[in-house]
Each structure stands twice: as C-alpha cells, then as structure tokens.
Amino acid sequence: MKEHNILGVILAGGKSSRFGSNKSLYNLSNNKLIDHTLHKVKKYFDEILIVSNDKELKIEDQKITIIQDCIDGYLGPLVGVLSAMKYANLSKTKRDWIITFPCDTPFFDEKIIEEMIKKTNTPQEKIYFIKDKKQRHNIFGAWSTELEKTLEQDIKNNFRKVDLWADKIGCSFIEKDIRNENEFLNINTKEDLEVAERIYNKK
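Now for a description of the structure that goes with this document. All figures in this text were calculated on a predicted structure; none of them were measured in a lab.

Side note on the overall build of the protein chain
Thought 1: A tally of helices and strands in the protein chain yields six helices and nine strands.
Thought 2: Its C-alpha radius of gyration of 16 Å places the protein chain within 12% of the 17 Å reference for a compact globule of 203 residues.
Thought 3: Overall size of the protein chain, expressed as C-alpha extent along the three principal axes, is 45 × 35 × 35 Å.
Thought 4: The burial tally for the protein chain puts 49% of its 203 residues in the buried class.
Thought 5: Considering only contacts in the protein chain between residues 6 or more positions apart, those separated by 24 or more positions represent 69%.
Thought 6: Accessible surface, the protein chain: about 10,700 Å² in total, of which carbon and sulfur atoms supply 46%.
Thought 7: Taken as two groups, the 34 positive and 32 negative side-chain charges of the protein chain have centres that lie 1 Å from each other.

Rendered as structure tokens:
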C-alpha cells in the first residue's frame, strides 16, 4: 500500500568526513549504499525525496527527487529535515508528514516503516522516533510538516541537535525489539563498510 499523505525522505546531506568521500555512492554488495535504503523505502511511498549536497548523486527514477539543503554549509540533519518539510509543503500534492531515513544504515527492518506510517494515521504527537532498549534512532523519524516554521526559527536560534530540538517540541517513541544485532549498524568509515560487506557475504 502506497502512502499518499507522507513523503518518504532519505537524508544523505552529511559531509561523510570520517569516510573521506560521499559514502552513499560506495558499493555494498554490488549496490550503492543509498540503494539499499531506497529498495526498502520505495515499497511504501509514491514519492521519495533525497536530501543531498553532492551534485554527483544522480538517480534516474520518476518517483525520486533530489534536492540540496535549504541552508548553505552543513549544519546537521535538522537542516535536512527542514529542507524536506519545505519541499513537502510547497509540493503540488501537499504532504502532512515526512518520514526520514538515513542513507547509511542498510540492515534496518522494514517493519519500522509500517509502524511509523501507523503513527501518522492517528497521531498523538508531531514527532515519532524509533527506539530500542539501548538508544533512540533519531534519523528514523516521522515529522509533521506543520513544524516547518518552528524548526526554521529554532535553527536560526542555533538548535543543531535532533534530540534536543525534538524534546523541546515533544516527541514519542516507537519501541523496537532488536532481533538482528546489525539492524542499526551505521556506516561511518570504510572499516564499517568492510564489516557490512562481511555481513552480506554470510547471508
């Protein structure tokens, strides 16, 4: 089932400073890292937005739009979220929600997409994050696009950390029971990519 009131968003605007170059374009098991996320997300949304500041990132797919951060100079993922909200609110088909995903966490369980979609159908809060027993995963989030103006003003007031801003607004968590220890493996370095490749080779 495609969700028409929600924009699926992949945040790929980071500097990849620890990786050395744009990690989303590196191959993992014969597919670009970003493609592993796209493969899962495309099943659930009729349109997908990628926020990336790399002009070399090009994907030929009518369902996918690529934009840059709306504020120059990388100021963290909140600017990517703001950029997606602006796009969703200006779109010909107005979106009430965006659901965000990182470009560098290839093993996540697709069920969390379904759970976030459910929350947007009967929302009690304007922000939802995935959380396991150990930590919260703030880039896996559902965000009401009503927050655009508030977020923009708070970024101007130097809010940079996702958790601090979300706690200020008020957020809830979708508890995730981790069955795969690699589910939230985040690829930040080439060594992490080698670990991920070994995991794929064991499948």
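Describing the side chain of Asn188
Thought 1: Along the polypeptide, Asn188 turns up in the loop between strand E9 (172-175) and helix H6 (190-201).
Thought 2: A polar atom in the side chain of Asn188 sits 2.7 Å from the side chain of Asn186.

What counts as what
- The residue numbers shown here count from 1 along each chain, following its written sequence.
- Local features in this predicted model are restricted to residues of pLDDT 70 or higher, and side-chain atom pairs are both shown and tallied only at a pLDDT of 80 or more, whereas totals for entire chains, interfaces and linings draw on every residue.
- Hydrogens and water molecules were not included; the side-chain quantities draw on all heavy atoms of the structure.
- For the purposes of this entry, the term helix denotes a DSSP run of H or I that reaches at least four residues, the term strand denotes a run of E that reaches at least two, and both are numbered from the N terminus.
- A radius of gyration in this sense is built from C-alpha atoms; the matching globule rule multiplies 2.2 Å by the number of residues raised to 0.38.
- Note on classification: 1.4 Å probe, protein chains only; a residue is buried when its accessible area is under 20% of the maximum for its type, exposed when over 50%, partly exposed between these limits.
- In this analysis, two residues are considered to be in contact whenever any of their non-hydrogen atoms come within 4.5 Å of each other.
- Exposure was quantified through the Shrake-Rupley algorithm and a 1.4 Å probe, taking into account, for residues, occlusion by the shown protein chains and nothing else.
- Positive charges come from Lys and Arg alone, negative charges from Asp and Glu alone, with His and the N- and C-terminal ends not counted.
- Charged side chains are reduced to one point each, which is NZ for Lys, CZ for Arg, CG for Asp and CD for Glu.
- Polar contact criterion, stated in full: a pair of N or O atoms within 3.5 Å, where within protein one must be able to donate a hydrogen and the other to accept it, and residues adjacent in sequence count only if both atoms are side-chain atoms.

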